[in-house]
Amino acid sequence: MIKYLLRIPLLLICVTLIISGVRWMISDEPWMLDQVANEERLNMTFDELFSSEKNKTLSGYLTQIYRFLGLYVVGIGTMLLAFSSEKILKISYVRIRIFYALGSLLIVNLILAYNWIPSSHFIYLMWAALVLFTLSLYAHIKIGSYENK
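Here goes a summary of the coordinates provided. Just so it is clear, the structure is predicted and the values come from calculations on it, not from any experiment. (Residues numbered from 1 in each chain as written. Predicted model: local features only at pLDDT ≥ 70, side-chain atom pairs only at ≥ 80, totals over all residues. Heavy atoms only, no water.)

**Examining the overall build of the protein chain**
Here comes step 1: Assigned secondary structure in the protein chain consists of seven helices and zero strands.
Here comes step 2: The secondary structure elements of the protein chain, listed N-terminal to C-terminal, are α-α-α-α-α-α-α.
Here comes step 3: Against the 2.2 N^0.38 benchmark of 15 Å for 149 residues, the protein chain shows a C-alpha radius of gyration of 19 Å, more extended than a compact globule.
Here comes step 4: Projecting the C-alpha coordinates of the protein chain onto the three principal axes gives extents of approximately 70 × 25 × 20 Å.
Here comes step 5: A total of 149 residues make up the protein chain; the buried ones form 33% of that total.
Here comes step 6: The contacts in the protein chain between residues at least 6 apart in sequence include a share of 74% that link residues at least 24 apart.
Here comes step 7: Entry remark: accessible area of the protein chain is about 9,700 Å², with carbon and sulfur atoms responsible for 67%.
Here comes step 8: Between the mean site of the 13 positive side-chain charges and the mean site of the 10 negative ones, the protein chain shows a separation of 20 Å. (Helix = DSSP H or I, 4+ residues; strand = E, 2+ residues; numbered from the N terminus. Rg over C-alpha atoms; globule rule 2.2 N^0.38 Å. Buried < 20%, exposed > 50% of the residue type's maximum accessible area, 1.4 Å probe, protein only. Contact = heavy atoms within 4.5 Å. Areas by Shrake-Rupley, 256 points an atom, 1.4 Å probe, with all protein chains shown as cover. Lys, Arg positive; Asp, Glu negative; His and termini not counted. Charge placed at Lys NZ, Arg CZ, Asp CG, Glu CD.)

So, in structure tokens, the structure goes:
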């Protein structure tokens, strides 16, 4: 049972990362996936931003940036998925490195989101990922206590 508590939360985080990344990669206007927070950050609507003649090519640039963001998010999710197999997670020092990397990423993302885009709905997704991470970390600690007996 404890091995499922270790692995399933990590798998859910992986799937969420991959789906989110794919959404940014395939969306025609990926910046609109978080429209309210982005417009709040810009202090103007996207219609106002794109109405200026100077900003005619801005949508193409934003699409390019979001495609790369999506690619990297898919890559992180896929890499984490690759290191979340039952066999690999049996190795304690691998688990520790996964938890350091993933925990740091989640905490820094939350801090940045609260500072730059506090009205983003993605904050809820990050909190859910942090809860899943904590469950998995708890299982890791429990497994460590079994290993040390």
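So that's the structure; there's more coming.
**Re a nonpolar patch on the surface**
Here comes step 1: A contiguous nonpolar surface patch, about 470 Å² in accessible area, is contributed by M1, Y4, I8 and L12.
Here comes step 2: Within the secondary structure layout, M1 lies in the segment before α1 (2–26). (Patch = residues over 30% accessible without salt bridge, like charges linked within 9 Å, V, L, I, M, F, W, Y side chains within 5 Å. Salt bridge = Lys/Arg side-chain N within 4 Å of Asp/Glu carboxyl O.)

**Considering the packing of aromatic side chains**
Here comes step 1: Inspection of every chain in the model, using the stated rule, returns five aromatic pairs.
Here comes step 2: Summarising the aromatic geometry, the rings of F46 and F50 are spaced 5.9 Å apart at their centres and angled 20° between planes, so their arrangement reads as stacked. Residue F46 and its partner F50 are both found in helix α3 (residues 46–51); the two are separated by four residues, about one turn of the helix.
Here comes step 3: F46 gets classed as buried once you look at its relative accessible area, which sits at 5%.
Here comes step 4: Ring pairs connect the aromatic residues W31, F46 and F50, which therefore count as one cluster. (Phe/Tyr/Trp six-rings, centres within 6.5 Å; stacked < 30°, edge-to-face > 60°.)

**Observations regarding the packing of α1 against helix α4 (residues 58–82)**
Here comes step 1: Packing of α1 against α4 leaves a shortest axis separation of 7 Å and a crossing angle of 160°. Considered as vectors, α1 and α4 are oriented roughly antiparallel to each other. Here α1 and α4 pass one another in a crossing that is left-handed. Packed against α1, whose contacting residues are L10, L11, I13, C14, L17, I18, G21, V22, W24, M25 and I26, the element α4 presents Y66, R67, L69, G70, L71, V73, V74, I76, G77, T78, L80 and L81 at the interface.
Here comes step 2: Class assignment of the residues belonging to the contact of α1 with α4 gives a composition of 18 nonpolar, four polar and one charged. (Axes fitted to C-alpha atoms, helices over the stretch in contact; angles between N-to-C directions. Parallel < 35°, antiparallel > 145°, perpendicular 65-115°, else oblique. Left-handed = near helix turned anticlockwise from the far one by under 90°. Nonpolar A, V, L, I, M, F, W, Y, C, P; charged D, E, K, R; others polar.)

**Details of the side chain of N38**
Here comes step 1: Within the element layout of this structure, N38 appears in helix α2 (residues 35–42).
Here comes step 2: In contact with N38, not counting residues within four places along its chain, are W31, F46, Y66 and I117.

**Focus: α1**
Owing to its 3.6 residues per turn, the α-helix aligns residues three or four sequence positions apart on the same side.
Here comes step 1: Relative to the 36 Å expected for 25 residues at 1.5 Å per residue, α1 spans 37 Å between its end C-alpha atoms, a close match to the ideal helical length.
Here comes step 2: The set of residues buried in α1 consists of L6, P9, L10, I13, C14, S20, G21 and W24. (Expected span 1.5 Å × (residues − 1).)

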